[in-house]
Amino acid sequence: MSIPTLKNLNIVQTVVDWLDERVPLKAAVEFAGHKEVPVHKHSIWYYMGGIAALFMGIQFATGFLLMFHYVPTFEGAYASVQAINMQVPFGWLIRSMHSWGANVFILVLFIHMFSTYFMKAYRAPREFTWLSGLGLVGIAMVFGFTGYMLPMDEIAYFATKVGVDVAGESPFIGPYLAEFVRGGSEIGQVTMNRFFSLHVIALPLAMMGLFGLHATLIQLQGISEPESIQKLPKAERKYEKFFPDFFKKDVFVWFAVFVAFMLVVTMKPWGLGPQVDPAAMAPIGIKPEWYFLSQFQALKLFPAKILFFDGVHVAMVFIGTVFGSLAVVPILDSTGKIPFISKFATVYGVIFFIGWLFLTIWGSL
Amino acid sequence: MTTEQDSSKTNESQNNPQGDYNLDSAEVSFGRRAFFGGILALGGGLWALLVAGTPILSFLWPKKSEVVTVTEMTFEKNLKDFPVGESKNFMFGSIPALLIHDSNGKLSVFNAKCSHLGCTVGYQKDKDVIYCACHGGTYDPNTGKNIAGPPPAPLKPLVADVAADGTITIKIA
Ligand code: HEM
Ligand code: FES
């Protein structure tokens, strides 16, 4: 570093140089510039991961803020959320962002998951990118489930009750699992402690760790191209630098999505149902959040008895197998060299997607 | 340690014309070393899991909840104020219960926990059924028998006794 004289004093440059000697900034920027993003007609899907990351940030920030006013007790939670909604300045806004954000986050994750599946971005060497992404979707759904209980209105109570009882129907470990999750035989303060500490400590750490792995792998391996683009002659394939070219567009997309998001958040602030009364009948029309609707609808469709098995047990094994297959089918197709398996993975994905969409829509009716 | 071994290995193979043999034996001893290393790592891992896992799991395991068992309680309303077609969800100790003055003029009372996945059921007067909103299970209001939807078993019955003055007493069956 040259000592600045009055003549060549350039404050920004000096600060940057000083920093760069201590933190390898330029190396990092250069590294980010090495990654190239393919430019083609399916490029729009490349923005989904970035949007998901934006919503993860929104959830972390608003969740942290909510904790300043939220009271995690079985008796006091409802009143505290009511106060957040009605008394705390802009409490309604933060809560609305967190509640809407949870839904949009999961929606974007689903879109991201299906789009990478159909572009076959899970193929070698990106198997761990796929599996870590799948883990992130799972964690986000547990986030949604544990968070949904926290306001302790009627729907929160019954959604939790049924959700845990469903887990309790898993073969063999079910009853122990349900008891463990509830912290007893009924939902109460112990359950609340468990859900709260998962929601605000364990899940955020797990999510950050897994996201770190996911993002690092992507940065190291670069972005994959769908087969149709790989087949094109070299001259017809276009690329741009991730940093700064693609990143600039990323920021623009974030901005646009955020503005649209804030419109919904403020025009349709998230509501709060009546306080739970454990004696009361489950409210007519009770439903889980939309991202659990496909499982919910499937549970409804299974009859009470199938041969000599309980319908719910069969349903649980079925649902578990179908979702578990998302970790298996892409791995089978990881080389992409076996045409039969490649075809199968595509067809399987289409059937999965249509089935999931159909059950979700049916469940919402 | 490794470097020492490595250098001794090279020395030996340099000095010995039959270097192949020595290399082989070096590999064998390396294999044995890796084997014992593996056993040690596995054992250590299991030990750590046990030592860390036992207190953590025990800490988290729910303690036996003291179940508040009620065997009998007086219902909040007199029969005079509870005409045919009336129904009420209430707590019987720690369990939700449902009392119905059914179409036969009889009082039926049940543990209101749905036999499917444990939602709380309620009486639907217009259809004269007990209904579970969670997955649409229905039960007969007179007998508690499961008649439609996913519930695999009837509701568990309780007993309602009526005294001469109309006081209703709920008891376990
Ligand atoms: C560090 C991260 C997070 C923290 C500290 C946090 C904290 C909180 C707190 C204190 C509440 C209770 C207040 C309320 O109910 O309005 C809550 C509710 C909730 N959280 Fe989070 N959260 C985090 C991340 C997430 C994520 C990633 C999701 C979803 C994917 C999520 C979904 C929910 C949902 C659905 C609710 C219920 C909202 C409602 O109806 O009021 N949270 N969260
Ligand atoms: S819990 Fe009652 S029908 Fe499923």
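Residues numbered from 1 in each chain as written. Chains lettered and ligands numbered in written order. Predicted model: local features only at pLDDT ≥ 70, side-chain atom pairs only at ≥ 80, totals over all residues. Heavy atoms only, no water.

**Comments concerning the side chain of threonine 116 of chain A**
All names here are of chain A.
Argument step 1. Take threonine 116: it is sitting in helix H5 (residues 91–118).
Argument step 2. A polar side-chain atom of threonine 116 sits 3.0 Å from the main-chain carbonyl oxygen of histidine 112.
Argument step 3. Aside from chain neighbours lying at most four places away, what touches threonine 116 is Ala121, Tyr122 and Trp130. (Helix = DSSP H or I, 4+ residues; strand = E, 2+ residues; numbered from the N terminus. Polar contact = N/O pair within 3.5 Å; in protein donor to acceptor, adjacent residues only side chain to side chain. Contact = heavy atoms within 4.5 Å.)

**A word on the domain arrangement of chain A**
Residues and elements named next belong to chain A.
Argument step 1. Each assigned domain of chain A is listed here: domain 1 (42–274) and domain 2 (287–365).
Argument step 2. Here the C-alpha centroids of domain 1 and domain 2 sit 21 Å apart.
Argument step 3. Residue-level contacts link 27 residues of domain 1 with 29 residues of domain 2.
Argument step 4. When the buried surface of domain 1 facing domain 2 is broken down by residue, Phe114, Tyr117 and Glu169 rank first, second and third, together holding 22% of it.
Argument step 5. Our count for the domain 1 to domain 2 interface comes out at 2 salt bridges.
Argument step 6. Put simply, arginine 123 and aspartate 333 hold a salt bridge, and the shortest N to O gap is 3.1 Å. (Domains from an automatic or database assignment. Buried area = accessible area lost by both parts, 1.4 Å probe. Salt bridge = Lys/Arg side-chain N within 4 Å of Asp/Glu carboxyl O.)

**Focus on the sheet that holds strand E5 (residues 122–124) of chain B**
All names here are of chain B.
Argument step 1. Here we have 4 strands laid out as an open sheet, ordered E5-E6-E7-E8, and antiparallel in their pairing. For this open sheet the edge positions go to E5 and strand E8 (146–148), each flanked by a neighbour on one side alone. Strand-to-strand twist of the sheet, defined as the mean angle between neighbouring strand axes without regard to direction, takes the value 45°. (Pairing = 2+ DSSP bridges. Axes fitted to C-alpha atoms, helices over the stretch in contact; angles between N-to-C directions.)

**Remarks on the interface of chain B and chain A**
Often, the extent of an interface is quoted as the loss of accessible area upon association of its parts.
Argument step 1. The interface of chain B with chain A comprises 24 residues on the first partner and 28 residues on the second.
Argument step 2. When chain B packs against chain A, close to 2200 Å² is buried across both sides, 67% of that on carbon and sulfur atoms.
Argument step 3. There are 0 salt bridges connecting chain B and chain A.
Argument step 4. On inspection of chain B and its partner chain A, the count reaches 4 residue pairs in polar contact (both at pLDDT 80 or more).
Argument step 5. Sort the elements by how many residues they give to the side of chain B that touches chain A and strand E2 (residues 87–92) of chain B lands first, with 3 residues.
Argument step 6. Of the residues in the side of chain B that touches chain A, the class split is 16 nonpolar, 8 polar and no charged. (Nonpolar A, V, L, I, M, F, W, Y, C, P; charged D, E, K, R; others polar.)

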